[in-house]
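Letter by letter, the chains look like this.
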Amino acid sequence: MISDAQHASAQIAEIEAVRRAVRQSNFYRLASVIVILWGVVTAVGNLASHAWPRSAGSIWIGLDIIGVLATSALGLNMRGRGYPRAFDWRTPVAFALFFGFGLLWSVGLGRFGPRELSVFWSTLFMFGYAVAGLWLGAAFVVLGVGVAGLVTLDYFFAGPWFDIYLALFNGGGLVAAGLWMRRA
Amino acid sequence: MTTPDDTIHQPVRLRIMAALTALPARADGIDFSRLKKLTGATDGNLGAHIDTLVRARYVAVAKTFVGRRPRTTVVSTADGRRAFAAHVAFLRSVIDRSAE
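Quick summary incoming for the structure in this document. In this numbering scheme, every chain counts its residues from 1 along its sequence in written order. Working convention: letters from A go to chains and numbers from 1 go to ligands, in the order in which they are written. Local features in a predicted model are, by the rule used here, given only for residues with pLDDT of at least 70; side-chain atom pairs are given and counted only at 80 or more, and totals for whole chains, interfaces and linings are based on all residues. Side-chain metrics in this entry use all non-hydrogen atoms of the structure; hydrogen atoms and water are not considered.

### Here's the deal with the overall build of chain A
Where we set the bar: Starting at the N terminus, helices and strands are each numbered in turn, a helix being any DSSP run of H or I of at least four residues and a strand any DSSP run of E of at least two. The buried label goes to any residue with under 20% of its type's maximum accessible area, the exposed label to any with over 50%, and the partly exposed label to all in between, with areas taken from a 1.4 Å probe on protein chains only. For this analysis, residues touch if any pair of their heavy atoms sits within 4.5 Å. Per-residue accessibility takes into account occlusion by the displayed protein chains alone, with areas from the Shrake-Rupley method and a 1.4 Å probe. Positive charges are assigned to Lys and Arg, negative charges to Asp and Glu, while His and the chain termini are left out of the count. By convention, the point assigned to a charge is CZ for Arg, NZ for Lys, CD for Glu and CG for Asp.
Each helix and strand in chain A was counted, giving six helices and zero strands. What you see in chain A, going N to C, is helices and strands ordered as α-α-α-α-α-α. With respect to the three principal axes, the spread of C-alpha positions in chain A is 75 × 35 × 30 Å. The buried share of chain A, taken over its 184 residues, is 36%. A separation threshold of at least 6 residues defines the contact pool for chain A, and within that pool the share at least 24 residues apart is 64%. Counting every atom, chain A has about 10500 Å² of accessible surface; 71% of that belongs to carbon and sulfur. The distance from the centre of the 13 positive side-chain charges to the centre of the 8 negative ones in chain A is 6 Å.

Shown next, in the form of structure tokens:
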């Protein structure tokens, strides 16, 4: 029977620890679906860029719009089931800042070829994942650093199969990371 | 003055209720394997404690199939949420009394 404050404090601490684990696990589950979604978007985009290089710009714009709409729908679905908001207003603002920074260099300041452009966008967002991981959880740091490393290797060593390997490493890496996060 | 809940204060059942009540009331519950990981209990031990909570009407169990694999999902009831909140209030009152 609970008769002393020490025992009561231990039970409260136990409750808080379990609740933290559940919240982290729920967050990883939602985030994993979004990471898998963007993995598929990335893989399709890279494969389509390989097949139709002249239409790559339009393909990526279309795919990015689909990805953003699907991500918003997933978030709304979770909210509808009573889950607290996993991402607040700072998340879309952070995405807008990343896109803005990327566009500034892609179409303004940078002198990138198609290959450098692909690596730039991939590593830019992986850098974002890694930094966000410092607050959200170690899985994001591993994902960001791991995929950025693979993409960099792809740039130097993949030769004419660059887009195919990018689909595999970047898209496939995101899908694999999302599946791994579901088990965490 | 609140009183402790003898069903909930057992450590594994406390963890089960803490996990289930961390979800929104409309949520689908937690499946058995995830609950096992969260509580650190073995299959048999977890099953026995869930049975105790079901008899107290603090949780409900749903068995479904995902493909061919059976899936057991546990969800807290309104009674369970109330009892857990009352137990937490009791724990806090014990801590507060000792600080006075």
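### With respect to the packing of helix α4 (residues 114-136) of chain A against helix α5 (residues 138-157) of chain A
Residues and elements named next belong to chain A. The condition that has to hold: In this analysis an axis means a line fitted to C-alpha atoms, helices contributing only their contacting stretch, and an angle means the value between N-to-C directions, from 0 to 180 degrees. For classification purposes, an angle smaller than 35 degrees is called roughly parallel, one larger than 145 roughly antiparallel, one from 65 to 115 roughly perpendicular, and anything else oblique. For any helix crossing, the convention is left-handed if the near helix is rotated counterclockwise from the far helix by under a right angle, and right-handed if that rotation is clockwise. The residue classification treats Ala, Val, Leu, Ile, Met, Phe, Trp, Tyr, Cys and Pro as nonpolar and Asp, Glu, Lys and Arg as charged. All others, Gly included, are polar.
Axis separation between α4 and α5 bottoms out at 6 Å; the angle between their running directions is 160°. Put simply, α4 runs roughly antiparallel to α5. In the crossing of α4 with α5, the sense of the turn from one axis to the other is left-handed. Residues R115, E116, V119, S122, T123, M126, Y129, A130, G133, L134 and L136 of α4 touch α5, and the partners they reach there are A138, F140, V141, L143, G144, V145, V147, A148, V151, T152, D154 and Y155. Among the residues forming the contact of α4 with α5, the class breakdown is 15 nonpolar, five polar and three charged.

### With respect to α4 of chain A
Each α-helix winds once per 3.6 residues, and so residues spaced three or four apart point in a common direction. Residues and elements named next belong to chain A. To keep things clear, this is the line we draw: Helix span is expected to be 1.5 Å times the residue number reduced by one.
An ideal rise of 1.5 Å per residue puts 33 Å on 23 residues; α4 measures up with 32 Å between its terminal C-alpha atoms. All of the buried residues along α4 are V119, F120, S122, L124, F125, M126, G128, Y129, A130 and G133. Immediately downstream of α4, the backbone of G137 shows phi near 150°, a positive value.

### Observations concerning empty space enclosed by the protein
Unoccupied space between atoms shows up once a probe the size of one water molecule is rolled over them. Residue and element names in this part refer to chain B. Operational definition: Cavities and pockets were defined on a 1 Å grid built over protein atoms only: a cavity is a set of grid points that admits a 1.4 Å probe from which the probe cannot escape, a pocket is an open set flanked by protein on both sides within 12 Å along at least five of seven lines, and lining residues are those with an atom within 4 Å of any such point. Grid points are joined across faces, edges and corners, and a volume is the space filled by probe spheres set on the points.
The full count for this structure, using the stated rule, is one cavity of 30 Å³ or more. In this structure, the largest cavity spans a volume of roughly 30 Å³. Along the walls of the largest cavity sit L20, L23, P24, A27, G29, V75, S76 and R81, which together make up its complete lining. Residue classes in the lining of the largest cavity are distributed as five nonpolar, two polar and one charged.

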